[in-house]
Amino acid sequence: MNTVLGRRARMLAAITATAGLALVAGCSSDGDGGSGTKTAAGGVEVVKAGQLTTCTHLPYPPFQSEIDGKVQGFDVSLVDLVAKDLGVQQQIVDQPFENFKTGGSLNAGQCDLAAAGMTITEERKKNVDFSDPYFEATQAVLVDKKSGIKSFAELKGKKVGAQAQTTGEDYAKSQGLDPVSFESSDAVLNGLRTGQVEAVVIDYPVVQGWLKDKANAAAFQVAEQVNTGEQYGFTVKKGNTELLAAINKALADAKADGTYKKLYEQWIGPYEESAASPSPAAS
């Protein structure tokens, strides 16, 4: 998420937890209630036995959202690869973005990693450790086709929406705008649909997902894409080098054997080589 992931069937289940609503991605775990070993393959420690617990903030299509009662998306698929290598199942915990952006959920042992289309930033690296980049992102300006807005520059003086705590919101503010903040990507789109705002600034892949819907495509259009040089990464608790290495290995293997390309085309769209940038996360 720029503040600044068919295949396996997934079972959706709501459980009570301080972390929030837990959603099971992949097959269910062994049901040992957290008993037994908490060491996965390769000596990786996990917060709950038999599973890799992922924090995210739903919905954020095409990276993670509930589809037909299952949590699915590009991020989900990539983390499933990590879980498979570790010999466990992935479970997704839905939380406010701020909870894991600051590292709070990871430090509290509520999840092993966070996957939420999260942009790698120097500020965030103070709180969490990022994986190698897995996605090159741009921001998009989405407008009503009747608005007459043709570019980002034309947003000055307009009522603009953005998702709270995201790099899209940060970028809009950095350019002198005062965006209306919405809690989720769904709320952002609804704000545009209902006329609360005249345009929105949000990750382009999210807009791509919206425009796959015929009604959205008929009503809205991309006024401009803005290349802000953003890259997405998964996050772990600072110092969790074993899990970080496992994530980076799964990403590298997926890029090498064609799995990444297949999943990218399934969830994002036409594949571009730059999407699988081999450059490591900046230290």
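Residues numbered from 1 in each chain as written. Predicted model: local features only at pLDDT ≥ 70, side-chain atom pairs only at ≥ 80, totals over all residues. Heavy atoms only, no water.

(A) Quick look at the sheet that holds strand β10 (residues 180–182). The mixed open sheet is built from five strands, whose spatial order is β10-β9-β11-β8-β12. Where the open sheet ends on each side, the last strands, each with one partner, are β10 and β12 (220–232). Put simply, the sheet's adjacent strands are angled 25° from each other on average, direction ignored. Relative to β10, strand β9 (residues 160–163) is paired through three bridges, and the arrangement is parallel. When the bridges of β10 are listed, Ala162 appears paired with Ser181. Each of β8 (135–144), β9, β10, β11 (199–203) and β12 touches helix α5 (residues 185–193); the most contacted strand, β11, lies at about 155° to it. (Pairing = 2+ DSSP bridges. Helix = DSSP H or I, 4+ residues; strand = E, 2+ residues; numbered from the N terminus. Axes fitted to C-alpha atoms, helices over the stretch in contact; angles between N-to-C directions. Contact = heavy atoms within 4.5 Å.)

(B) Spatial organisation of the packing of aromatic side chains. Inspection of every chain in the model, using the stated rule, returns 15 aromatic pairs. Each ring, one from Phe97 and one from Phe100, has its centre 5.2 Å from the other, and the planes form 75°; the classification is edge-to-face. Separated by three residues within a single helix, Phe97 and Phe100 lie in helix α2 (residues 97–101), roughly one turn from each other. Here Phe97 and Phe100 have matching classes, each one buried. Three or more aromatic residues joined by ring pairs make a cluster, and in this case those are Tyr60, Phe63, Phe74, Tyr134, Phe135, Tyr232, Phe234, Tyr260 and Tyr264. (Phe/Tyr/Trp six-rings, centres within 6.5 Å; stacked < 30°, edge-to-face > 60°. Buried < 20%, exposed > 50% of the residue type's maximum accessible area, 1.4 Å probe, protein only.)

(C) Up close: the state of the cysteines. This structure, assessed with the given rule, holds one disulfide. At a sulfur-sulfur separation of 2.3 Å, the disulfide partner of Cys55 is Cys111. What sets the handedness of the Cys55 and Cys111 disulfide is the S-S torsion sign, and at about -100° it is left-handed. You can see Cys55 sitting in strand β2 (residues 51–56) and its partner Cys111 sitting in the loop between α3 (104–107) and β6 (113–114), a full 56 residues away along the chain. Residues Cys55 and Cys111 agree in their burial class; the two are buried. (Disulfide = S-S within 2.5 Å.)

(D) Here's a closer look at the pattern of salt bridges. By the definition in use, this model includes five salt bridges. Here Glu123 and Lys126 are joined by a salt bridge, their closest N and O atoms 3.1 Å apart. Accessibility classification places Glu123 together with Lys126 in one group, the exposed group. Here Asp129 makes a salt bridge to Lys238, at a shortest N to O gap of 3.0 Å. With a gap of 109 residues between them, Asp129 in strand β7 (residues 128–130) and Lys238 in the loop between β13 (235–237) and α8 (241–257) connect regions that are remote in the sequence. Taking the relative accessible area as the measure of exposure, Lys238 reaches 41% and is therefore partly exposed. (Salt bridge = Lys/Arg side-chain N within 4 Å of Asp/Glu carboxyl O.)

(E) Molecular detail of the environment of Gly161. With respect to the helices, strands and loops of the structure, Gly161 is situated in strand β9. In this structure, Gly161 is in contact with Val180, Phe182, Val197, Ala199, Val200 and Val201, ignoring residues within four places of it in sequence.

(F) Summary view of the pairing of β9. Burial along β9 is two-sided: Val160 and Ala162 and Gly161 and Gln163, pointing in opposite directions, are all buried. As paired strands, β9 and β11 are joined by two bridges and run parallel to one another. Pairing of Gly161 across the sheet is with Val200, part of β11. Of the crossover connections in this fold, the one passing from β9 over helix α4 (residues 167–174) to the parallel β10 is right-handed. (Right-handed = clockwise from strand over helix to strand, strands pointing away.)

(G) Just the pairing of β2, in detail. Across the six residues that make up β2, a large majority, six, are buried. Every second residue of β2 is oriented toward a common face, with Gln51, Thr53 and Cys55 on one face and Leu52, Thr54 and Thr56 on the other, all of them buried. Note: β2 against strand β5 (residues 89–94), six bridges, orientation parallel. In the sheet register, Gln51 faces β5, and the bridge partner there is Gln89.

So yeah, pure geometry; function would need other evidence.
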